[in-house]
Amino acid sequence: MVVDNKSAVTQTLLDQLQIKSSKVAFMPDAEIISAIRYLEDKGIPNNKHEDYKYCNIEAVLRKEFKSVEQAFNELTNADIAPLKIDEAINLVVVNGVYSEELSEKMIVKGLTVNSLNELSSSEKVLLCSQAKSDTDALIALNTAFTGNGLFLQVDKNNIIPMPLHVIYVNSGNANIVTNTRSFINIQANAEVTLIESFYNIGSAKVFSNFVSEKFVGENAKLTCHTFQNEGALSYSVNTNQVRINKYSNYTNNTFTLSGELVRNNHNVVLADSNCEAHLNGLFISNGTQSVDNHTLIDHQMPHCESNELYKGIAKDKSVGTFNGKIFVRKDAQKTNAYQSSKNILMSDDATINTKPQLEIYADDVKCSHGTSTGKIDTEALFYLKARGIGEESARKLLLQAFAQELIDKIETPSLQERVLHLFEKAL
Amino acid sequence: MITIKNLHASIGDKEILRGINLEVKAGEVHAIMGPNGSGKSTLSSVLAGREDYDVTEGEVTFNGKNLLDLPAEDRAREGLFLAFQYPVEIPGVSNINFLRTALNEIRAYHGQEEMPAKDFLALVKEKSKLVELDSKLASRSVNEGFSGGEKKRNEIFQMAMLNPKLAILDETDSGLDIDALRIVATGVNKLKSKDNATIVITHYQRLLDYIVPDFVHILYKGRIVKSGGKELALEMEAKGYDEIKAQFDSLES
Ligand SMILES: Nc1ncnc2c1ncn2[C@@H]1O[C@H](COP(=O)(O)OP(=O)(O)O)[C@@H](O)[C@H]1O
Ligand SMILES: [Mg+2]
């Protein structure tokens, strides 16, 4: 039989993962079987795939993950301590598996934290309803080989008084591929701030394939901060599949500070009227890094609002991509949808790709999008220097000013400090 | 203070300054006048260290140092200040943070310690009063959303904060109403001393009623074509530039 290169890479990965993964109880067999079938059929995407044009996952797997050792490290409290956030309840997921031992135990009214195997039957019906294997090969890969990840729920009418901080950490001794999954359910009238941090501890290369399904109930509010600092040995795809309900409010602010390849798929369905979604992102990339933010905002019902602001600073030979799709369906009259992407190129070898895509099927809507990519403002630079400020600090002042409005969105002081510190270090 | 000898500067293959000679001593006020496009802003930009221009000939000595060898920031640290004709808006950088950084980098250059926050804020208060700048503007982003007059006053406020040896005011009077003009001029006069000097670039004689120059120079097509005392400014105001233009245009052809 002749196999082409594409299916060869996928098949090698599937074979290795099939030997080295154990099946989780919560994922129905039918989902696993159709996920594998989809993968075998479509393969891991390469740059010929429209959605992965600037993010060749297949090439990464071929080059960096020829052999998948799955040599996982055990982690201790000492490893996790520096990653924690003081103001928050810290929850830990190691190599895709929720660790009750490393997570902080605190009894908070209306809050459930558990592993996915403990998913209650009422929630189980929602599993895979937003993250569908037949829409994306990385979702399929995660579904087929997912670990026993995190189940988090806020029961209706509860406001969680402190932020929840989920530390997703990978750690291996030799090449590992992790398929981390989380299921977040914020019921009606509930409110919580969720910080999701991503780290890689150790000296091994990690391909991290994360999928999170998030549900925001009627009149509920979910504010998320995604903090990505996985380092030069990490290649990650992070997929958020979010469904928000009537009168609800969903916000995500994603800060990407390191990672050799970081692909974020952030897909939000505004499933009922009068809800709002805010997606923001900031990245700074250097070396040969690639940061690729893909968003999809699906306006299905009337009187909803969405806002997107993505900013990036690309240094050296790094590549930044923003691809923002907005659907306004036939019934979604009176939609307000705004999208903006602003980028600064710090070197002639850096690249920025931006692509806004608006598909509007309703007639009474307000939509706007704008993208800009340029070099640092030389007029402003000269003005600062003419006042005695050196070239280096003048650049830093301007880049900080560029990023400030996004960093200001973080309401948890120690997270804000962490982002600011790493951002300044990367300048 | 500053000695400019045979300064030539061009942008691309267009020569804009074509042999400027000028000496300004401590304690003096010089005015440079001249029609639009004669090179006044170019001269101030070249002195401040804007890199878009190529200096093709000539030299500039500033307090014993070769000015043209220094990067823009070091010129400022040596005590040169340019009040921009078109101050730049810098969203996201607060006026205060900007000035604190500038002041402390200048101090560091001279081996001085950072100014304590309390002293700095007291200085901000004192100097903003000098130009009657609304204290709210100090905490806003640099020049962002400022009116034309506020921008110009902000320039003089910065000058007061940084206390330069040589200040070049590039058309600081343009776009100011008479009250704002008086405020700006009073500010400049209060900052004047026997140890510093001012070059006032202007279109109109009106500013010179308030800031009285010791010398007036007429710049035309990149050269100083005429110098004199303060009466020269009055003469130009009365007669306009046509005579000078005609005289030098005929010389050139
Ligand atoms: N960046 C530039 N590029 C091209 N030409 C310029 C530039 N800056 C100034 N000039 C030209 O140089 C001449 C002098 O300009 P400028 O110094 O602004 O004059 P002034 O300030 O006396 O009005 C003008 O002819 C102007 O068009
Ligand atoms: Mg000018």
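Residues numbered from 1 in each chain as written. Chains lettered and ligands numbered in written order. Predicted model: local features only at pLDDT ≥ 70, side-chain atom pairs only at ≥ 80, totals over all residues. Heavy atoms only, no water.

Visitor: Residue-level account of unusual backbone geometry, with values.
Guide: A positive phi angle is found at Asn-157 of chain A, which is not glycine, with a value near 70°. You can see Asn-157 of chain A is positioned in the loop between β5 (150-154) and β6 (164-170). Of note, the phi angle at Asn-143 of chain B is positive, near 60°, even though the residue is not glycine. (Helix = DSSP H or I, 4+ residues; strand = E, 2+ residues; numbered from the N terminus.)

Visitor: Break down the side chain of Asn-46 of chain A for me, citing the residues and quoting the values.
Guide: All names here are of chain A. Locating Asn-46 in the fold gives a position in the loop between α2 (29-42) and α3 (57-64). Within the structure, the side chain of Asn-46 is placed 3.0 Å from the backbone nitrogen of Lys-48, a separation counted as a polar contact. Not counting chain neighbours up to four residues away, the residues in contact with Asn-46 comprise Tyr-52, Asn-56 and Glu-58. (Polar contact = N/O pair within 3.5 Å; in protein donor to acceptor, adjacent residues only side chain to side chain. Contact = heavy atoms within 4.5 Å.)

Visitor: Explain the domain arrangement of chain A residue by residue, including any values.
Guide: Residues and elements named next belong to chain A. Taken domain by domain, chain A comprises domain 1 (5-272) and domain 2 (378-427). Taken together, the 16 residues of domain 1 in the interface contact 13 residues of domain 2. When the two sides are added together, the surface that domain 1 and domain 2 hide from each other amounts to roughly 1,200 Å², 66% of it contributed by carbon and sulfur. Considering only the surface of domain 1 that becomes buried against domain 2, Glu-87, Phe-255 and Leu-257 emerge as the three largest contributors, covering 40% of it. Across the contact surface, domain 1 and domain 2 share zero salt bridges. Remark: the boundary between domain 1 and domain 2 carries four residue pairs in polar contact (both at pLDDT 80 or more). (Domains from an automatic or database assignment. Buried area = accessible area lost by both parts, 1.4 Å probe. Salt bridge = Lys/Arg side-chain N within 4 Å of Asp/Glu carboxyl O.)

Visitor: Please provide a residue-by-residue account of the coordination of the magnesium ion (ligand 2), values included.
Guide: Residue and element names in this part refer to chain B. Every protein donor of the magnesium ion (ligand 2) is listed here as Ser-41 (OG) and Gln-85 (OE1), and their distances to the metal cover 2.1 to 2.3 Å. Taken together, the residues Ser-41 in helix α1 (residues 40-48) and Gln-85 in the loop between β6 (80-83) and β7 (90-94) connect sequence positions 44 residues apart. Under the relative-accessibility criterion, Gln-85 is labelled buried at 16%. (Donors = N, O, S within 2.8 Å, 3.2 Å for Na, K, Ca; no water. Buried < 20%, exposed > 50% of the residue type's maximum accessible area, 1.4 Å probe, protein only.)

Visitor: So, the site of ligand 1: which residues are in play, and what are the values?
Guide: Residue and element names in this part refer to chain B. In the vicinity of ligand 1, the contacting residues are Ile-11, Lys-14, Ile-16, Pro-35, Asn-36, Gly-37, Ser-38, Gly-39, Lys-40, Ser-41, Thr-42 and Tyr-53. Within the backbone of Ser-38, one N or O atom sits 3.2 Å away from an oxygen atom of ligand 1. At a separation of 3.3 Å, a nitrogen atom of ligand 1 approaches a polar side-chain atom of Tyr-53. Bound to the protein, ligand 1 loses 63% of the 560 Å² it would expose on its own. At three residues, α1 tops the list of elements feeding residues into the shell around ligand 1. When grouped by side-chain class, the residues that make up the shell around ligand 1 number four nonpolar, six polar and two charged. (Near = heavy atom within 4 Å. Areas by Shrake-Rupley, 256 points an atom, 1.4 Å probe, with all protein chains shown as cover. Nonpolar A, V, L, I, M, F, W, Y, C, P; charged D, E, K, R; others polar.)

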